[in-house]
Amino acid sequence: MLTTAYVNCFSTVGARPSPIPFGSKFSSISKKQQVREGSIERGYIRKGLNVRGGGQRMELFMAGLSPTVASLLAGSVAGAIGVGVAFPLDTLKTRSQVMGQPQANEAATETGNSNSNNIGMFELIQLIYAAEGIKGFFGGVRGMMIGQAFIKAVAFGTNGWMLASVNDAFPHISTFNSLITAAAFAGFMASFLVAPFERVKVMMQASDDYTSELQTVEVILKTEGWKGLLTRGLGPTLAREIPSYGIYFVTYGLLMQTAITTIFGAGAPLIAGAAAGCACWIPVYPIDVVKTLVQNTAGDGEKDAFKIMRELYKSEGIGGFFDGLTPKMYRAMVNHATTFWLYDLIMTYYNNAVLI
């Protein structure tokens, strides 16, 4: 059953060993479970533990975690590393989105590019490097890696918990409905962490006036208070995250039940993760553009999201809602391929450790 495999992937909630669909990535894990269980009966596992030494301590630590805590840990580690690896591409996306704003135009003028609204990705790379050097591609990376550790922990943990709860409460619910319900709830919960962390990230990426995440937070709190940090852009964030996570987890869960698990083996999470990352961003990208513009307004200059939509359409047409899409797709592939691969790696290790 698809749902069982999906629960194994994101929370490992449920009785062990779980039935695994034939031909899925998790069928290999099921075979390992059977081998390990047979070895336990014959007393071979205990002998293996005595040989492993230091590895035994890690396995015992992992085995001592509950499925929910293991999922939170795996999500936080995978999320932080994934966003760090792809961060320069995220900076290109943000800069493309805010290019029409005054500070971006000033930077472009200083480097001899007065037509900042029609700049390609490689031209933008040259612009940022000329003005700020390598560090210009990593503005806000530390805060966002820390933020993503919490965000992905909440998203993966909440998704797994909600999926198990829905299946327990409604045993006859269709697989798709249970997946989409859990994923949308994960997006809702994650939004309240995403909004403040991305507010800081956007301001640091869009301008070199901010030297650190802490200084940026201090400026926001001084001029706008806690409301400015926690809620500016929250509406567009919710509108983006809920459908995005729905597409994200469902696409990955469904792809991991296809032939790619046989074709790519241990590399399947890389392929499915990259595809899920791109699939979840394309439909909601216009909302992300609006959210970025809302969050890049400082002090009392906050604008209503709908007003920004009207102004953007009036000045740039429909194309304005897709500024920065190219680097975003590259970023989505790198980020989410890395995130799902690491998450799957950690949870597979956890599953194996629990069986010892």
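Keep in mind it's a predicted model, so treat the numbers as computed, not measured.

Rules and cut-offs
Residues numbered from 1 in each chain as written. Predicted model: local features only at pLDDT ≥ 70, side-chain atom pairs only at ≥ 80, totals over all residues. Heavy atoms only, no water. Helix = DSSP H or I, 4+ residues; strand = E, 2+ residues; numbered from the N terminus. Buried < 20%, exposed > 50% of the residue type's maximum accessible area, 1.4 Å probe, protein only. Contact = heavy atoms within 4.5 Å. Areas by Shrake-Rupley, 256 points an atom, 1.4 Å probe, with all protein chains shown as cover. Salt bridge = Lys/Arg side-chain N within 4 Å of Asp/Glu carboxyl O. Axes fitted to C-alpha atoms, helices over the stretch in contact; angles between N-to-C directions. Parallel < 35°, antiparallel > 145°, perpendicular 65-115°, else oblique. Phe/Tyr/Trp six-rings, centres within 6.5 Å; stacked < 30°, edge-to-face > 60°. Core = buried A, V, L, I, M, F, W, Y, C linked by side-chain atoms within 4.5 Å. Expected span 1.5 Å × (residues − 1).

1. Details of the overall build of the protein
Stage number 1. Of the regular secondary structure elements, the protein holds 17 helices and zero strands.
Stage number 2. The burial tally for the protein puts 53% of its 356 residues in the buried class.
Stage number 3. Here the contacts in the protein between residues at least 6 apart in sequence split such that 78% fall between residues at least 24 apart.
Stage number 4. Working note: accessible area of the protein is about 16,200 Å², and carbon and sulfur atoms make up 65% of it.

2. Section: the pattern of salt bridges
Stage number 1. All chains considered together, the criterion is met by twelve salt bridges.
Stage number 2. The partner of D288 in a salt bridge is K93, with the nearest N and O atoms 3.2 Å apart. Highlighted residues: D288 in helix α15 (residues 285–295) and K93 in helix α6 (residues 87–97), separated in sequence by 195 residues. This pair shows no difference in class: D288 is buried, exactly as K93 is.

3. A word on the packing of α6 against α15
Stage number 1. At a closest axis distance of 9 Å, the pairing of α6 and α15 adopts a crossing angle of 75°. Taken together, α6 and α15 sit at an angle that is classed as roughly perpendicular. Facing K93, T94 and Q97 of α6, the residues of α15 in contact are Y285, D288, V289, T292 and L293.

4. Details of α6
Stage number 1. Judged by how many residues are buried, α6 sits mostly within the fold: nine of eleven residues are covered.
Stage number 2. Within α6, burial applies to F87, D90, T91, L92, K93, T94, R95, S96 and Q97.
Stage number 3. Elements in contact with the buried residues of α6: α5 (67–85), α8 (121–132), α9 (141–169), α10 (175–206), α15 and α17 (325–354).

5. Some points on the packing of aromatic side chains
Stage number 1. One pass over the structure, following the stated rule, counts twelve aromatic pairs.
Stage number 2. On the numbers, 6.4 Å between centres and 40° between planes, the contact of W161 with F185 is tilted. Linking W161 in helix α9 with F185 in helix α10, this pair joins segments that are 24 residues apart in sequence.
Stage number 3. What makes W161 partly exposed here is its relative accessible area of 47%.

6. Let's talk about the nonpolar core
Stage number 1. Ranked by internal contacts, the top residues of the largest apolar core, which has 50 residues, are Y245, Y248, F249, W281 and Y350.
Stage number 2. Contributions of two or more residues to this core are made by α5, α9, α10, α12 (234–255), α14 (268–281), α15, α16 (305–316) and α17.
Stage number 3. Listed in part, the eight residues of the second largest apolar core include M99, M121, L124 and F137.

7. Considering the side chain of E241
Stage number 1. Within the secondary structure, E241 sits in helix α12.
Stage number 2. Assessed through its relative accessible area of 6%, E241 is described here as buried.

8. Topic: helix α11 (residues 213–230)
Structurally, the α-helix is built with 3.6 residues per turn, so residues lying three or four positions apart point the same way.
Stage number 1. Under the 1.5 Å per step criterion, the end-to-end length of α11 is only 15 Å for 18 residues, more than 12% shorter than the ideal 26 Å.
Stage number 2. Within the sequence span of α11, burial applies to E213, T216, I220, E224, G228 and L229.

9. Let's talk about the side chain of Q148
Stage number 1. Turning to its location among the elements, Q148 is positioned in helix α9.
Stage number 2. Assessed through its relative accessible area of 6%, Q148 is described here as buried.
Stage number 3. If sequence neighbours within four positions are ignored, Q148 has contacts with G79, A80, V83 and A153.

10. Quick word on the environment of K93
Stage number 1. What makes K93 buried here is its relative accessible area of 1%.
Stage number 2. Sequence separation of K93 and G324 is 231 residues, and the distance between their C-alpha atoms is 4.4 Å.
Stage number 3. Contacts of K93, omitting those with residues within four sequence positions, involve K201, Y285, D288, T292, G324, P327 and K328.

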